[in-house]
Amino acid sequence: MTHVLLVEDDVDTRALVRELLIRRGHEVDACATALDALRLFRERPYPLVVTDWLMPGIDGLQLTREIRKLDGGEWCVVVVVTARQEVGDLQTVLDAGADDYVTKPFEISYLNVRLEVAERRVAETSRRRAAESAAEASRSSLERSRNDLLAILDLMRVAIAMVDAAGAVTFLSKAAETLLGVDRRSGSGSFWSDVLPLPESVVARVQEVAALPESERPRLEAAIVRRGLALQLEIEVRDDPRGLASRILFLYDVTERNELQQMLRDRQRLGQIIAKSRPMLEVFRLIGELAKVDTTVLILGETGTGKELAARAIHEASDRCEKPFVAVNCAGLTESLLGSQLFGHRRGAFTGAISDQQGMFEAAEGG
């Protein structure tokens, strides 16, 4: 449920849109003028505002500009509804700071689609706002208690190395000293690749990953020999939560976990399916045969029998395994947006298409 502010001077249209929003599960405050809307917004910022453009006094675009100046206004999603249909109106609306544009008269089904898009944007904005707030709080807290942070990291069983913007090691945890067999006192100030006993290929890969945005960085795998024992590590590269240009390397010893996983793989396992009954082993054999052939496969079965698991297993065992596997719930596709969902669209292809959108077929290319 979202708390929605509806601004519409026409009584009938206001009642119609209000009822539609309520049916979609929202709490709605409705008013007829922009001044009333601003008063309500100052008392309680709204995550979603649906406003008419042409109104007596302050119009919907000026209202949008004023909302953006208020506390919480930068996070608000604004949808402008208007009877205007002139060339350039969409750009005018976007320039005013609104997020979407719906023309009157509208079909109820079309308005529902635009509202669904707005709801998703509200949810995304809420998640981003929460994440940014959490990050800011974390940075402030860590800045005030750096010594406490280092003490806590030192107590963790995960090997941790902090590296500054120049690549010099500023901190090694006790666990890192034990796992990697390095002296953290002599290692401090040295270049990180000279301190951590990692293969050159892994060092290069860590540098590549560190240059990516944090959300796009994968965990890296590395194998080292420590005191005659072969160890398997996973390396995670994170940004300093205080907002500095330094990096934190987390090195996880996954040797035991990988050995256990290998034991499971060596038994009756295919993809994510684990089984030992004869009928399932026959399914495994059939999946292996199908994976060798480049053909279309239809998998039938009742709900919960593992149809998608079987499909993924065929994909992972086939020559297409390096390409995407895209699962689509066909019953969940929206009739009015079917073409856009399957084949994508270009920016400006239709009202509300504010960016290029990749279709599902293109996303699954080669897979």
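How each quantity is defined
- Residues numbered from 1 in each chain as written.
- Predicted model: local features only at pLDDT ≥ 70, side-chain atom pairs only at ≥ 80, totals over all residues.
- Heavy atoms only, no water.
- Helix = DSSP H or I, 4+ residues; strand = E, 2+ residues; numbered from the N terminus.
- Buried < 20%, exposed > 50% of the residue type's maximum accessible area, 1.4 Å probe, protein only.
- Contact = heavy atoms within 4.5 Å.
- Pairing = 2+ DSSP bridges.
- Axes fitted to C-alpha atoms, helices over the stretch in contact; angles between N-to-C directions.
- Expected span 1.5 Å × (residues − 1).
- Arc of directions from axis to C-beta.
- Salt bridge = Lys/Arg side-chain N within 4 Å of Asp/Glu carboxyl O.
- Core = buried A, V, L, I, M, F, W, Y, C linked by side-chain atoms within 4.5 Å.
- Polar contact = N/O pair within 3.5 Å; in protein donor to acceptor, adjacent residues only side chain to side chain.
- Parallel < 35°, antiparallel > 145°, perpendicular 65-115°, else oblique.
- Left-handed = near helix turned anticlockwise from the far one by under 90°.
- Nonpolar A, V, L, I, M, F, W, Y, C, P; charged D, E, K, R; others polar.
- Right-handed = clockwise from strand over helix to strand, strands pointing away.

Student: Give a detailed account of the overall build of the protein chain, specifying residues and quantitative values.
Tutor: The helix and strand tally for the protein chain stands at 15 helices and 14 strands. Projecting the C-alpha coordinates of the protein chain onto the three principal axes gives extents of approximately 80 × 60 × 35 Å. Expressed as a percentage of its 367 residues, the buried residues of the protein chain come to 36%. Excluding contacts between residues fewer than 6 apart, the proportion of contacts in the protein chain whose partners are at least 24 apart in sequence is 48%.

Student: Explain the sheet that holds strand E5 (residues 100-103) to me, using residue names and the numbers behind them.
Tutor: Sheet architecture is open: five strands sit in the order E2-E1-E3-E4-E5, paired in parallel fashion. Each edge of the sheet is formed by a strand with only one pairing partner; in this case those strands are strand E2 (27-31) and E5. Taken over all neighbouring pairs, the strand axes of this sheet differ in orientation by 20° on average, direction set aside. Where strand E1 (residues 3-7) and strand E3 (residues 48-52) come together, four bridges link them in parallel fashion. Following the sheet pairing, Val4 is matched in E3 by Leu48. Across the sheet, helix H2 (residues 34-43) is in contact with E1, E2 and E3; its angle to E1 comes to roughly 160°.

Student: Break down helix H12 (residues 278-291) for me, citing the residues and quoting the values.
Tutor: End to end, H12 covers 20 Å across 14 residues, agreeing with the expected 20 Å (1.5 Å per residue, within 8%). Among the residues of H12, Phe284, Ile287 and Ala291 are the ones counted as buried. End-on, the buried residues of H12 take up no more than an arc of 60°, which puts them together on one face. Within H12, the exposed residues directed more than 90 degrees away from the buried face are Arg278 and Pro279.

Student: Outline the pattern of salt bridges, listing residues and values.
Tutor: Within this structure, the stated rule accounts for 24 salt bridges. Across the pair Arg247 and Asp239 runs a salt bridge whose closest N-O atoms are separated by 3.4 Å. Under the relative-accessibility criterion, Arg247 is labelled partly exposed at 24%. One salt bridge in this structure joins Glu289 and Lys292, with 3.6 Å as the shortest N-O distance. It is possible to trace a salt-bridge network through shared partners that takes in Glu214, Arg219, Glu234, Glu236, Arg238 and Arg257.

Student: Describe the nonpolar core, naming the residues involved and giving the relevant values.
Tutor: In this structure, Leu180, Trp192, Leu198 and Leu249 are the most contacted members of the largest nonpolar core, which totals 27 residues. Put simply, the parts of the chain that give this core at least two residues each are strand E6 (159-163), strand E7 (169-172), helix H7 (174-180), helix H9 (192-195), helix H10 (200-210), strand E8 (220-226), strand E9 (229-239) and strand E10 (247-253). When residues of this core are assigned to their parent elements, the largest contribution, five residues, is made by H10. Residues within four places of Leu249 in sequence aside, it is in contact with Ala159, Ile160, Ala161, Val163, Trp192, Leu196, Val206, Glu236 and Val237. Counting residues in each nonpolar core, the second largest holds 23 residues, with Leu40, Phe41, Leu63 and Ala98 among its members.

Student: Give a description of the side chain of Glu8 that names residues and reports values.
Tutor: Mapped onto the fold, Glu8 is located in the loop between E1 and helix H1 (11-23). Among the polar contacts listed, one links the side chain of Glu8 to the backbone nitrogen of Asp10, at a separation of 3.0 Å. When neighbours within four sequence positions are excluded, Glu8 is seen to be in contact with Thr13, Arg14, Cys31, Ala32, Asp52 and Lys104.

Student: Give me the lowdown on the environment of Thr51, citing residues and values where you can.
Tutor: Looking at the secondary structure, you find Thr51 in strand E3. By relative accessible area, Thr51 is classed as buried at 1%. Counting along the chain gives 14 residues from Thr51 to Ala37, while the straight-line C-alpha distance between them is 9.3 Å. Sequence-distant contacts of Thr51, that is, excluding residues within four places in its chain, are made with Val7, Gly60, Leu63, Thr64, Val78, Val79, Val80 and Val81.

Student: For the packing of H2 against helix H3 (residues 60-69), give the residues involved together with the corresponding values.
Tutor: Between H2 and H3, the shortest axis-to-axis distance is 10 Å and the interhelical angle comes to 15°. Classified by the angle between their axes, H2 and H3 sit roughly parallel to one another. Once H2 is placed against H3, the crossing between them reads as right-handed. Here Ala34, Ala37, Leu38 and Phe41 of H2 come into contact with H3, specifically with Leu63, Glu66 and Ile67. Residues belonging to the contact of H2 with H3 are distributed by class as follows: six nonpolar, no polar and one charged.

Student: Tell me about the pairing of E3, and please be specific about residues and values.
Tutor: On a regular strand, each side chain points to the face opposite its neighbour's, so the side chains alternate between the two faces of the sheet. Counting buried positions along E3 yields five of five residues, so the element is predominantly enclosed. Both faces of E3 are covered, namely the face carrying Leu48, Val50 and Asp52 and the face carrying Val49 and Thr51. Relative to strand E4 (residues 77-82), E3 runs parallel, the two sharing five bridges. Counted as the bridge partner of Leu48 is Val77 from E4. At this point the chain moves from E3, through H3, to the parallel E4, and the crossover so formed is right-handed.

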